[in-house]
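# Close look at the chain arrangement
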Amino acid sequence: MSNIFNVGIRGGSAAYNSYLIENDGVCKAIVGCVPESAADEYIDNIKSITKRNKPDYLILPNTQTCYAGTVARMIETYPEIKIAATTAGLRNLKEITNLKFNEYLVKDGGTLDLGGALLKFMIVPNLPWQDSMFAYFASQKTLFTGNAFSSEGCDYARGAGEYYEKFLSPFSDYVRNALNRIKDLEVDIIYPSRGVVSDVKSALESYAKWSKEKAEGIKTAAVVYASTDGCTRRLAEVIAEAFTNRGIKTEVFDVSEGTERAIEAVKSADALAFGSPTVNKNALKPVWDVIASINPVLKKGTPCLVFGAYGWSGEALNLLQTHLSAIKMRMPIKPISCCFRPSDEEIKNAKERAAEFTAEVLC
Ligand SMILES: Cc1cc2nc3c(=O)[nH]c(=O)nc-3n(C[C@H](O)[C@H](O)[C@H](O)COP(=O)(O)O)c2cc1C
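Only a predicted model underlies this, so the values are computations on that prediction, with no experimental measurement involved. (Residues numbered from 1 in each chain as written. Predicted model: local features only at pLDDT ≥ 70, side-chain atom pairs only at ≥ 80, totals over all residues. Heavy atoms only, no water.)

## Some remarks on the domain arrangement of the protein
In terms of domain boundaries, the protein breaks down into domain 1 (2–210) and domain 2 (220–354). Computed over C-alpha atoms, the centres of domain 1 and domain 2 are 42 Å apart. (Domains from an automatic or database assignment.)

Now the structure itself:
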């Protein structure tokens, strides 16, 4: 007979869950952790249940930097405890705690026998921590999900939506992967690291809805530029026109007037174009600001082109091209450039090169 107790900490938006699994009256494992500031309360909560024995495992569905001190206290209190996490989780934890500890490596599809109670693990990365995994407790039809399905505050319906938007929305592909992994499991209870999932069916439906793929078919592009005298702007117009002519829904952003809208558009665009004049051997700061907002994990392989006007040395083009390549954007063509104001020849060249680029977007 298995029991699960929440030994986490209460306190509205500061609350954290951590679950103690007891089998036949014997404490076996703790799933999840709490921030260092609550370590005393947490260990008292564990001790109030584990009067007769010590937990064998601390299982972490994902690591978090704020767990460091608490994990250290757990090791100090229970020196024999094994910390169970994925390869990435164990590596992160070593760097976060700077401690040596007994490890239990969680493998995808692996199981852990807690004296008759069996936990099954699924590695579901980037939810939103890279090392995320789920643990399924089949006999209890219970799924431990770490940060996934979490919420802050008391109202789950609202809190879960806000949490998803804040932390998980950039990782919708990975959420869909995770939902796919659990679709055939019987799940009556979801235990996340934060908040209470009161209705499993509606939580799963909400995650399916929020993570839904964009409608297939129409491709989108964001052309993001800054320009001091209008030369780079002219290239932006020509490039945007070439995209639109090929049926790509294109938005153009002059980021000298603000970067917020461009940052939002870049998140969902299928293709990107970044333009800047060379000023003092560099690209302009607002363009860099938008590029710095790119999530390379999610945008990896996105077709991207660089353009801009220059006067004599043109460093901005190479700097942008090199950086975007380094963060794994796909750069199928060389930068499109013009010397000062674009000539008819340079405009013609820009049109042709942009059209060439669209073939990579539409393929
Ligand atoms: C303050 C200043 C610094 C510049 N620095 C460079 C430079 O380092 N290298 C270069 O090739 N061009 C440089 N230029 C020339 C610009 O790149 C050129 O005027 C370009 O056409 C400006 O494009 P825009 O109209 O899109 O701003 C500089 C221009 C200004 C005004």
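## Looking at the environment of Tyr57
Tracing the chain through its elements places Tyr57 in strand 4 (residues 57–59). Among the residues examined, Tyr57 registers a relative accessible area of 12% and is labelled buried. (Helix = DSSP H or I, 4+ residues; strand = E, 2+ residues; numbered from the N terminus. Buried < 20%, exposed > 50% of the residue type's maximum accessible area, 1.4 Å probe, protein only.)

## Remarks on the packing of helix 7 (residues 231–245) against helix 12 (residues 344–362)
Taken N-terminus to C-terminus, the directions of helix 7 and helix 12 make an angle of 40°; their axes are 9 Å apart at the nearest point. In terms of orientation, helix 7 lies oblique with respect to helix 12. Seen from above, helix 7 lies across helix 12 with right-handed handedness. Contacts from Arg234, Leu235, Val238, Ile239, Ala242 and Phe243 of helix 7 reach helix 12 at Ile347, Ala350, Lys351, Ala354, Ala355, Phe357 and Thr358. (Axes fitted to C-alpha atoms, helices over the stretch in contact; angles between N-to-C directions. Parallel < 35°, antiparallel > 145°, perpendicular 65-115°, else oblique. Left-handed = near helix turned anticlockwise from the far one by under 90°. Contact = heavy atoms within 4.5 Å.)

## Examining the site of the ligand
In the vicinity of the ligand, 19 residues are found, and the nearest of them are Ser227, Thr228, Thr232, Thr278 and Ser313. A distance of 2.9 Å separates an oxygen atom of the ligand from a polar atom in the backbone of Cys231. In isolation the ligand offers 640 Å² of accessible surface; the protein chains occlude 81% of this area. Most atoms of the ligand, that is more than half of them, are within 2 Å of grid points of the second largest pocket. Going through the elements one at a time, helix 7 and strand 15 (304–310) are the ones with two or more residues in the shell around the ligand. (Near = heavy atom within 4 Å. Polar contact = N/O pair within 3.5 Å; in protein donor to acceptor, adjacent residues only side chain to side chain. Areas by Shrake-Rupley, 256 points an atom, 1.4 Å probe, with all protein chains shown as cover. 1 Å grid on protein atoms, 1.4 Å probe; cavity = no way out; pocket = protein on both sides within 12 Å on 5 of 7 lines; lining within 4 Å. Sits in = over half its atoms within 2 Å of the grid points.)

## What to know about the packing of aromatic side chains
Evaluated as defined, the whole model comprises 12 aromatic pairs. Ring centres of Tyr57 and Tyr104 lie 5.5 Å apart, and the angle between their planes is 80°; on these two criteria the pair is classed as edge-to-face. Of the two residues, Tyr57 is situated in strand 4 and Tyr104 in strand 6 (residues 102–105); the sequence distance between them amounts to 47 residues. One aromatic cluster is present, built from ring pairs that chain together Phe149, Tyr164, Tyr207 and Trp210. (Phe/Tyr/Trp six-rings, centres within 6.5 Å; stacked < 30°, edge-to-face > 60°.)

## Here we look at the sheet that holds strand 16 (residues 336–339)
Pairing is parallel in the open sheet, where five strands are placed in the order 13-12-14-15-16. Every other strand in the sheet has two partners, leaving strand 13 (249–254) and strand 16 as the edge strands with one partner each. Neighbour-to-neighbour, the strand axes of this sheet turn through a mean angle of 10°, independent of strand direction. Pairing between strand 12 (residues 220–225) and strand 14 (residues 271–275): five bridges, direction parallel. Bridging across to strand 14, Ala221 finds its partner in Ala271. Each of strand 14, strand 15 and strand 16 is contacted by helix 11 (residues 315–326), which is oriented at about 165° to strand 15, the strand it contacts most. (Pairing = 2+ DSSP bridges.)

## Observations concerning the sheet that holds strand 11 (residues 189–192)
Note: strands within a sheet are paired through backbone hydrogen bonds, in either parallel or antiparallel orientation. Ordered in space as 7-8-9-10-11, the five strands form an open sheet in which the pairing is mixed. Of all strands in the sheet, those with a lone pairing partner are strand 7 (111–114) and strand 11, marking the two edges. Strand-to-strand twist of the sheet, defined as the mean angle between neighbouring strand axes without regard to direction, takes the value 20°. In this sheet, strand 9 (residues 133–137) lies alongside strand 8 (residues 117–123) in antiparallel orientation, the contact comprising five bridges. Within strand 9, the residue paired with Leu119 across the bridge is Phe137. In the packing of helix 5 (residues 172–182) onto the sheet, the strands contacted are strand 8, strand 9 and strand 10 (142–146), and the crossing angle to strand 8 comes to about 145°.

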